[in-house]
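Observations on the three-dimensional arrangement
Chain by chain, the residues run as shown.
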Amino acid sequence: MTTLTPHSTDKPQFKRPNLERQAILFTIGLYLFISAALLAVHYFAPTTPAPDTGSSSTSPYNPGS
C-alpha cells in the first residue's frame, strides 16, 4: 500500500536550526567581526605626528610655554 507521508528512509532528515543555536552562532560571529574590525583599525590606522609647540615641556597643561 502506498502512503502519502514520507518515510525516514526516503530522504535524510536535516536538523532545523533552533533559536538557541542561532543566538550562539550570531554571538560568535559578532565577536569575530568586532575583533577583526578592531585589529584592522589598530594596524591600518594612520599615525598622526605630534604637533611641534617649540617647548620642551611634555605637560598637556602647559602646551605653549
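A brief structural summary. (Residues numbered from 1 in each chain as written. Predicted model: local features only at pLDDT ≥ 70, side-chain atom pairs only at ≥ 80, totals over all residues. Heavy atoms only, no water.)

**Describing the overall build of the chain**
Regarding its fold elements, the chain presents 1 helix and 0 strands. Here the chain holds 65 residues, and the buried ones make up 0% of them. For the chain, the accessible surface area stands at approximately 6900 Å², while carbon and sulfur atoms represent 66% of it. (Helix = DSSP H or I, 4+ residues; strand = E, 2+ residues; numbered from the N terminus. Buried < 20%, exposed > 50% of the residue type's maximum accessible area, 1.4 Å probe, protein only. Areas by Shrake-Rupley, 256 points an atom, 1.4 Å probe, with all protein chains shown as cover.)

**As for helix H1 (residues 19-44)**
If you check H1, its first and last C-alpha atoms are 37 Å apart, about what 26 residues at 1.5 Å a residue would give, namely 38 Å. Of all the 26 residues making up H1, 0 are buried; the element is thus mostly uncovered. (Expected span 1.5 Å × (residues − 1).)

**Some words on a nonpolar patch on the surface**
Taken together, the side chains of Ile-24, Leu-25, Ile-28, Tyr-31 and Leu-32 define a hydrophobic patch exposed on the protein surface, amounting to about 550 Å² of accessible area. Take Ile-28: it is sitting in helix H1. Relative accessible area serves as the criterion here: at 44%, Ile-28 is assigned to the partly exposed category. (Patch = residues over 30% accessible without salt bridge, like charges linked within 9 Å, V, L, I, M, F, W, Y side chains within 5 Å. Salt bridge = Lys/Arg side-chain N within 4 Å of Asp/Glu carboxyl O.)

By themselves, these figures tell us nothing about what the structure is for.
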